[in-house]
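# Chains, contacts and geometry: an overview
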Amino acid sequence: MKQNFASFVKKESLHILRDTRTMLIVMLIPVVLMVLFGFAISTEVNNVNVAVVAPNRTDGIRDAVERLSQNEYFTFKGYITPDDIDPYLRSGKASAVVVFASDYERGVTQAATGVPTKPVIQLIVDASNVNTAGSSTAYLQSILLGAASQQAMFETRMLFNPQMRSAYNFVPGIMGLIFILVCAMMTSVSIVREKEVGTMEVLLVSPVRPVKIIFAKMIPYFAISCVVLVTILLLARYLLEVPMSGGVGGIFTISLLYLILSLSLGLLVSTIAQTQVVALLISAVVMMMPILMLSGMLFPIENLPKFFQVISNIVPARWYIDAVRKMMIQGLPIVAVWKNCAILLGMTIALLGVSLKKFNDKLE
Amino acid sequence: MGAIEVHNLSKSYGKVQALDCVSFSVERGELFGLIGPDGAGKTTLFRLLTTLLNPDSGSAEVDGCDTAKDYLAIRSRVGYMPGRFSLYPDLSVEENLQFFAALFGVTIEDSYELIAPIYKQIEPFRTRRAGKLSGGMKQKLALSCALIHRPNVLFLDEPTTGVDAVSRSELWDMLSELKECGITILVSTPYMDEALRCDRIALCNEGRILKIDTPEGIVRGFDKRLYGISAKNMFALLEKARTAEGVEDCYPFGEKHHLVVREEFDEAKFVAQLGDIEGLQIIRTAPTIEDMFIKLMKR
């Protein structure tokens, strides 16, 4: 029976290869998502236009402005008068304006000797984008403070992702999403298609146990997912420059586990859905939404309401994304995320068990 | 022991009684037809016999195996061609056939001489996608696939629906040839004219079998006189004929109305009773299976 298993796999691969459009989408989605999340959608502060108001341009102020314009995150738009502040911000010519007080130098010297002073720098920031406003304020403060005084201040060090690059954060999330999309959605749709077209009826009336046919179905999708996995990892490493200091082997291992889990999820969906549309809806709505919202991909789990935090425990992507983040960015070895691996493995076994039990070799 | 034995088989979907206590048996090497309109329960019967469904009550044996207990054994011994086209439209003719051969653990060469009379006709198109074949060719491919493992019993659910007249006739010729090879065939069709090509037929309606006999026997069982009548205004004719004296039944039948009459019916009297009807024609006709079906259905 070995030889007929191979021909089942061949048949399934033919289905996939002949559906070039779907094939193309599957291969392109990861690339598009990576580029999109990696470059276009970012919460980083980049190219913030800053204007400066300085009644008298002392050496100290020149020094501060120099630091500002040298910084790659800020673009110095020049000195303006106090009257220009409002038009500049409104027209978007500047997103932040730094106003130096006329007695700036004196204030700085006083502060250096420990004498309490009133503020000598004012930051006026366009807060219509809260994220940008928040981070640019913090960043401006640290630059200007460094110039202004030697007084005691917090020294913050960002570990693992010192530049706070959002791509690092999104890559694991995208991986968690893509594999569910490719494996779960595509396998469930392709199994349900056999039901819908009526070929399942013929398959069932044959000596081959349908479970065998279905496993044969999973193999090409597994292969495609592996290609996608390699693509994502290559893009992450060389395009987005994610460090992956924890070793690629571990990331691969846990990703393979997650692939198998996604395939089992697809199998489960196929036992519930009778039509391709239903299979698609279940995969898209019931699976994608929790991954986007409850996996920590977009929002930190700790920020969710308590109820959703509990729910998030049953979302496989949560454990996967968490583990990949630790391995990719923190550089932990796979042993350090053994708990995540164990949970994913347990979920896989449970899903496979339920769907095989639910899978019927009759029509009802 | 017959190739198919059905004892008091019943099946319902919710409130709909699809099959109601059906019993019959099919001899080995027989070409047995299930004749009935849509909703007669033919497809349900096929699914029960091919072990795709479990009956609510009753039992059935196919090729000596019980459909409930030995369903895996049955699955390797029967060929099944469902009512709708159930092959892979994106695979070529040859790939479809190869897949079904692999499904049953055989090769195309093993069964080539059995399927050759059918497959030869579509072999010139073997690289064409199955979805692009004509209706008749699709059915020939489906039949080849159903035969690839040399089944003992062949189940064909409405194989001629949606197929042109020439291909329909060809398909029935093929079934007769397969019968000669000793394969038992259970075939269903909504077309009464095809019933004549079967050894025996069962007339079914609304989940019941009305009568089982040879096609000739069924026609012979129609013991009333029958006339074909026509006129310019067919509808008025139908209305009047139904109320005329000595008329048991009158119903539209193709271009004519069929008039079933009792003993006392008198042709001259009938014409007089109808009165002034333009272009009236009345001819004594031989009954067909459909007449018998209508008679049984009304009883």
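Per chain, residues are indexed from 1 in the order of the written sequence. Starting at A for chains and at 1 for ligands, labels are handed out in the order in which the entities are written. Whole-chain, interface and lining totals are the exception, using all residues; otherwise, since this is a predicted model, local features are given only for residues with pLDDT of at least 70 and side-chain atom pairs are given and counted only at 80 or more.

## Here we look at the sheet that holds strand S4 (residues 57-62) of chain B
All names here are of chain B. Quick note on the threshold: Pairing between strands is defined by DSSP: at least two bridges between the two strands are required. Think of it this way: any DSSP run of H or I at least four residues long counts as a helix, any run of E at least two long counts as a strand, and we number them from the N terminus.
Here 4 strands make up an open sheet; going across it, the order is S2-S1-S4-S5 and the pairing antiparallel. Two strands in the sheet have a free side with no partner beyond their single neighbour: strand S2 (16-26) and strand S5 (65-66). Where S4 and S5 come together, 2 bridges link them in antiparallel fashion. When the bridges of S5 are listed, Glu61 appears paired with Asp66.

## Description of the packing of helix H10 (residues 248-272) of chain A against helix H11 (residues 276-294) of chain A
Geometrically, a packed helix pair is captured by the angle between its two axes and the distance between the axes. Residue and element names in this part refer to chain A. This is how it is decided: Every angle, taken between N-to-C directions, lies between 0 and 180 degrees, and every axis is a line fitted to C-alpha atoms, over only the stretch in contact when it is a helix. By the definition adopted for this analysis, an angle is roughly parallel if under 35 degrees, roughly antiparallel if over 145, roughly perpendicular if from 65 to 115, and oblique otherwise. Here is the rule for handedness: rotate from the far helix to the near one, and if that takes an anticlockwise turn smaller than a right angle the crossing is left-handed, while a clockwise turn gives right-handed. Here contacts are defined at the residue level, using C-beta atoms placed from the backbone and a cut-off of 7 Å between them. Residues are grouped as follows: nonpolar covers Ala, Val, Leu, Ile, Met, Phe, Trp, Tyr, Cys and Pro; charged covers Asp, Glu, Lys and Arg; every other residue, Gly included, is treated as polar.
Interaxial distance between H10 and H11 falls to 9 Å at its minimum, and their mutual angle equals 130°. Judged on the interaxial angle alone, H11 and H10 are oblique. Note that H10 runs across H11; the crossing there is right-handed. Contacts between H10 and H11 pair Leu265, Val269, Ser270 and Ile272 from the former with Ala279, Ile282, Ser283 and Met287 from the latter. Counted by class, the contact of H10 with H11 contains 6 nonpolar, 2 polar and no charged residues.

## Points about the domain arrangement of chain A
To keep things clear, this is the line we draw: Each domain's extent is set by a domain assignment, obtained either automatically or from a database.
Domain annotation of chain A identifies domain 1 (9-41 + 165-358) and domain 2 (48-148). Each of domain 1 of chain A and domain 2 of chain A was reduced to a C-alpha centroid, and the two centroids are 47 Å apart.

## Points about the environment of Val211(A)
All names here are of chain A. Selection rule: Burial is judged by counting other C-beta atoms within 10 Å of a residue's own C-beta: 20 or more means buried, 12 or fewer means exposed, and anything between counts as partly exposed, with every C-beta placed from the backbone.
With respect to the helices, strands and loops of the structure, Val211 is situated in helix H9 (residues 210-239). Classification of Val211 as partly exposed rests on a count of 13 C-beta atoms within 10 Å. Not counting chain neighbours up to four residues away, the residues in contact with Val211 comprise Leu356 and Phe359.

## Examining the nonpolar core
For the record, the criterion: For the purposes of this analysis, a nonpolar core is taken to be any set of buried Ala, Val, Leu, Ile, Met, Phe, Trp, Tyr and Cys residues that are connected through C-beta atoms within 7 Å.
The biggest cluster of nonpolar side chains holds 143 residues, and the ones touching the most others in it are Ile178(A), Ile180(A), Phe155(B) and Ile185(B). Residue contributions to this core peak at 18 residues, all from helix H7 (residues 166-197) of chain A. Contacts of Ile178(A), omitting those with residues within four sequence positions, involve Ile29(A), Pro30(A), Leu33(A), Val228(A) and Ile232(A). Ranked by size, the runner-up nonpolar core spans 19 residues in total, among them Val50(A), Ala51(A), Ala96(A) and Val97(A).

## Observations concerning the interface of chain A and chain B
Contacts between the two partners involve 21 residues from chain A, matched on the other side by 24 residues from chain B. Secondary structure elements with two or more residues in the side of chain A that touches chain B: helix H1 (2-18) and helix H8 (199-204) of chain A. Ranked by residue count, the leading element in the side of chain A that touches chain B is H1(A), at 7 residues. Of the residues that constitute the side of chain A that touches chain B, the class distribution is 10 nonpolar, 6 polar and 5 charged.

## Quick notes on the environment of Asn96(B)
Residues and elements named next belong to chain B. Residue placement: Asn96 occurs in helix H3 (residues 93-103). Among the residues examined, Asn96 registers 24 C-beta atoms within 10 Å and is labelled buried. For the pair Asn96 and Ser144, spaced 48 residues apart in sequence, the C-alpha separation works out to 9.9 Å. Apart from the residues within four sequence positions on either side, Asn96 is in contact with Leu87, Tyr88, Leu91, Ala130, Leu141 and Cys145.

## So, the domain arrangement of chain B
All names here are of chain B. When its domains are assigned, chain B resolves into domain 1 (4-218) and domain 2 (222-298). Computed from C-alpha coordinates alone, the two centres of domain 1 and domain 2 are separated by 37 Å. Contacts between the two partners involve 8 residues from domain 1, matched on the other side by 7 residues from domain 2. Those elements giving two or more residues to the side of domain 1 that touches domain 2 turn out to be strand S9 (200-205), strand S10 (208-213) and helix H7 (215-220). For the side of domain 1 that touches domain 2, the residue count by class is 6 nonpolar, 1 polar and 1 charged.

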